[in-house]
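Here is how the chains run, residue by residue.
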Amino acid sequence: MAASILKTNVNTKSPEFEKNTRRMIDLVTQIKNEEEEIHQGGGAKAIEAQHKKGRLTARERIAKLIDPGSQFFELGGYAAYEMYEEWGGAPSAGTITGLARVCGRTFMVIANDATVKAGAFFPMTAKKVIRAQNIAIDNHIPTIYLVDSAGIFLPLQEDVFPDTDDFGRVFRNNAVMSAMGIPQLAAIMGMCVAGGAYLPVMCDHILMTEGSGLFLAGPALVQAAIGQKTSAEDLGGAKMHAQISGTVDFREPDDDACIARIRALADKMGAANPAPFSHVASRLPLYSAQEIYGIFSGDPAKQYDMREIIARIVDASEFEEYRAEYGETVLCGYARIGGWAVGIVANQKKHVQTLARGSDQKRMEFGGVIYTESAEKAARFILDCNQNRVPLIFLHDVNGFMVGKDAEWSGIIRAGAKMVNAVANSVVPKIAVICGGSFGAGHYAMCGKAYDPRFIFAWPTARYAVMSGDAAAGTLVEIKLKQLEREGKKVDEKAKKELYESVRATYENQTDPRYAAARLWVDGIIDPAHTREALIQSLEAAALNPEIAEFKTGVLQT
């Protein structure tokens, strides 16, 4: 096995290593501070109001629900970040989602945060719940809903109500998950009003706490609609639904008793079918994950060896590199992460000197660029992983595909199409991590969000767009200048520079990983030093789905 162990050549005392480390620590600290603020939900007064009702907050409920000593793996924490500010904001989109251990078993947890606009559904709230459900569907993860919501946020109802990825899809997914045999437990621990009332009733088990309400229309709306006066308790309280309508399975006195009952039910569930993927005892990497801070360079002009990153993620730092001397700007190889066998496809950021295709002339290939040979190699490797039931990990730091006459003559479009085809039709689990840049068609080929990764994460250094900020700003400014020229307006150098800086600043903001995470283009922003742990959580979740479809690619451009 010695030949497969990745050796490290990192100089941890070098000025470059120290500079990279300081920059990464600053970014990680900023993210963690922002997350702490997001975790306050609607703020101290809203939390106090929740407690005065005798109810726990959503995060307090989750903390009591999960196994002691375990960690809640939050997904979508940055959802709606810096959005809906005209309405006072919606931290974490007013709902908390993530993976948790409950009685030793992995669950998806979806909890309304009643401290944020009474848990009302904003457009991003619906999309976040749907994303969590889709993860549960793809990976066959049993799901627990902690319901405490006033329903749709009415001022934005047109963006919440009608479309395929809006509110109604939540209940459609409830039905689909039930039909698939994915267990769902719902606990009504506050208000559950209007269309939202269907969510718990479409689950396998329904629990409800005293003082909660479950009704299609609240007392005020009932009086306005049909003139009937009634109290909330008589209309849809826990006692009524337990004794008269027969809607709820368990009536509980308070949050603590309800959570204890959920755990008791989870404890009785049958075991999942065994995973079809190779798994052995986990072994730690040989090198410290903290060293990733100093190895990785967020400067797109700087080089680093992606093998050094891989060595700090995979078990025992062992990596069976596939076609190591061919198409070297993309690294492919087999490894284990947390004991799970994986295939890794990663962009190599080191420049490579090689021979031009079909000749003995030397050429330089730029790191982070996908060339014809690297696309062909990656496509073939992805086919092999599907053939052998090996989950795929994609590590992004990609500028895109190579352009120019030589690239076009070599068939770069054909090779790129082959790689995209292989990624699109893969049937094994795919997990993506955007480490640095993820630009243009390179983002697609490396399993971007549109290619159905089971999970997709970003480092704080991630940049996510059709092209880099400098390139985009230059292009957009040129277009604007030509438009002004056609209108007979002259622009001096100072105005050109100001226009460039303005366009670049806007574009850079939109390439920030927080902008992507706010819109759920990524499932979370992770600390690079915790990449291994995030991948292990994701692989364990993916392994809950034992079904692998037949692998077909259709026509490949050979």
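Summarised in this report is the structure supplied together with it. Keep in mind it's a predicted model, so treat the numbers as computed, not measured.

Observations regarding the overall build of the chain
In terms of helices and strands, the chain carries 20 helices and 20 strands. Computed over the C-alpha atoms, the radius of gyration of the chain is 26 Å, within 12% of the 24 Å expected from 2.2 N^0.38 for a compact globule of 558 residues. Within the chain, buried positions represent 53% of all 558 residues. Looking at the chain alone, contacts between residues at least 24 apart form 74% of all its contacts between residues at least 6 apart. Per element, the accessible surface of the chain, about 24800 Å² overall, is 53% carbon and sulfur. A distance of 2 Å separates the average location of the 61 positive side-chain charges in the chain from that of its 67 negative side-chain charges.

What about the nonpolar core?
Of all hydrophobic cores here, the largest spans 76 residues; its most connected members are Ile 310 and Ile 344. No other element matches the 7 residues that helix 4 (residues 123-139) contributes to this core. Leaving out residues up to four positions away in the same chain, Ile 310 has contacts with Leu 6, Phe 319, Leu 331, Ile 344, Ala 346 and Leu 395.

Examining the packing of aromatic side chains
Using the criterion set out here, one finds 16 aromatic pairs in the structure. Ring geometry for Tyr 334 against Phe 381: centres 4.9 Å apart, planes inclined by 55°, an arrangement best described as tilted. Of this pair, Tyr 334 sits in strand 10 (residues 330-337) while Phe 381 sits in helix 13 (residues 372-387); the two residues are 47 residues apart in sequence, bridging distant segments of the chain. Judged by relative accessible area, which is 25%, Tyr 334 ranks as partly exposed.

Considering the environment of His 443
With respect to the helices and strands, the residue His 443 is situated in helix 16 (residues 440-445). It is 45 Å that separates the C-alpha atoms of His 443 and Met 208, two residues lying 235 residues apart in sequence. Dropping the residues within four chain positions of it, His 443 is found in contact with His 396, Val 398, Ile 434, Ser 438, Gly 448, Lys 449 and Tyr 464.

Points about helix 15 (residues 412-425)
Its 14 residues place the ends of helix 15 20 Å apart at the C-alpha level, agreeing with the 20 Å of an ideal helix rising 1.5 Å per residue. Listing the buried residues of helix 15 in full gives Ile 412, Ala 415, Gly 416, Lys 418, Met 419, Asn 421, Ala 422 and Val 423.

Description of the pattern of salt bridges
Enumeration over the complete set of coordinates arrives at 27 salt bridges. Taking the shortest distance from any N to any O, the salt bridge between Asp 523 and Arg 131 comes out at 2.8 Å. Of the two residues, Asp 523 is situated in the loop between helix 19 (513-518) and strand 20 (524-525) and Arg 131 in helix 4; the sequence distance between them amounts to 392 residues. Where Arg 307 meets Asp 305, a salt bridge forms, and the shortest distance between an N and an O atom there is 3.6 Å. Note on Arg 307: relative accessible area 21%, which makes it partly exposed. Because the salt bridges share partners, they merge into one network encompassing Glu 34, Asp 512 and Arg 514.

Focus: the environment of Ala 542
Secondary-structure assignment places Ala 542 in helix 20 (residues 531-542). Residue classification places Ala 542 among the buried positions, given a relative accessible area of 1%. When the C-alpha atoms of Ala 542 and Pro 391 are compared, they prove to be 8.9 Å apart, with 151 residues separating the residues in sequence. If we skip the residues at most four places from it in the chain, Ala 542 touches Asn 139, Phe 277, Pro 429 and Arg 454.

Some words on the pairing of strand 5 (residues 184-193)
The element strand 5 is largely enclosed, with a buried count of 9 among its 10 residues. Across 6 bridges, the pairing between strand 4 (residues 143-149) and strand 5 is parallel. Residue Ser 149 lies in a different strand from strand 5, and its bridge partner there is Cys 192. The pairing of strand 5 with strand 6 (residues 205-209) spans 4 bridges and is parallel. The residue bridging Ala 187 from the neighbouring strand is Leu 207, located in strand 6. Alignment of strand 5 against strand 7 (residues 213-215), held across 3 bridges, turns out to be parallel.

Focus: helix 3 (residues 58-65)
Within helix 3 the residues assigned to the buried category are Ala 58, Arg 61, Ile 62 and Leu 65. Mapping the buried residues of helix 3 onto a view down its axis gives an arc of 100°, with all of them on the same face. Buried residues in helix 3 make contact with helix 2 (44-52), strand 2 (95-102), strand 3 (105-112), strand 4, strand 5 and helix 10 (255-267).

Quick word on the state of the cysteines
Under the counting rule described, the total for this entry stands at 0 disulfides. Here Cys 203 stays free of any disulfide, with the sulfur of Cys 192 as its closest cysteine sulfur at 9.8 Å. Here Cys 332 is not disulfide-linked; the sulfur of Cys 385 is the nearest cysteine sulfur, at 8.2 Å. Residue Cys 332 is classed as buried on the basis of its relative accessible area, which comes to 0%.

Structural notes on a nonpolar patch on the surface
Judged by side-chain polarity, Tyr 198, Met 202 and Leu 216 come together as a nonpolar surface patch covering roughly 290 Å² of accessible area. With respect to the helices and strands, the residue Tyr 198 is situated in helix 6 (residues 198-201).

Points about the side chain of Thr 115
Residue position: Thr 115 is located in the loop between strand 3 and helix 4. Looking at Thr 115, its side chain comes within polar contact range of the main-chain nitrogen of Gly 42, at 3.0 Å. A distance of 2.6 Å separates the side chain of Thr 115 from the side chain of Asp 113, its partner in a polar contact. In this structure Thr 115 touches Gln 40, Gly 41, Gly 42, Ala 46, Ile 47, Gln 50 and Thr 57, once residues within four positions along its chain are discounted.

Some thoughts on unusual backbone geometry
The backbone phi angle of Lys 117 is positive, close to 50°, even though this residue is not glycine. Even without glycine at this site, Ser 317 takes up a positive phi of about 55°. By the element assignment, Ser 317 lies in the loop between helix 12 (306-311) and strand 9 (320-321).

Each value, and the rule that gives it
Residues numbered from 1 in each chain as written. Predicted model: local features only at pLDDT ≥ 70, side-chain atom pairs only at ≥ 80, totals over all residues. Heavy atoms only, no water. Helix = DSSP H or I, 4+ residues; strand = E, 2+ residues; numbered from the N terminus. Rg over C-alpha atoms; globule rule 2.2 N^0.38 Å. Buried < 20%, exposed > 50% of the residue type's maximum accessible area, 1.4 Å probe, protein only. Contact = heavy atoms within 4.5 Å. Areas by Shrake-Rupley, 256 points an atom, 1.4 Å probe, with all protein chains shown as cover. Lys, Arg positive; Asp, Glu negative; His and termini not counted. Charge placed at Lys NZ, Arg CZ, Asp CG, Glu CD. Core = buried A, V, L, I, M, F, W, Y, C linked by side-chain atoms within 4.5 Å. Phe/Tyr/Trp six-rings, centres within 6.5 Å; stacked < 30°, edge-to-face > 60°. Expected span 1.5 Å × (residues − 1). Salt bridge = Lys/Arg side-chain N within 4 Å of Asp/Glu carboxyl O. Pairing = 2+ DSSP bridges. Arc of directions from axis to C-beta. Disulfide = S-S within 2.5 Å. Patch = residues over 30% accessible without salt bridge, like charges linked within 9 Å, V, L, I, M, F, W, Y side chains within 5 Å. Polar contact = N/O pair within 3.5 Å; in protein donor to acceptor, adjacent residues only side chain to side chain.

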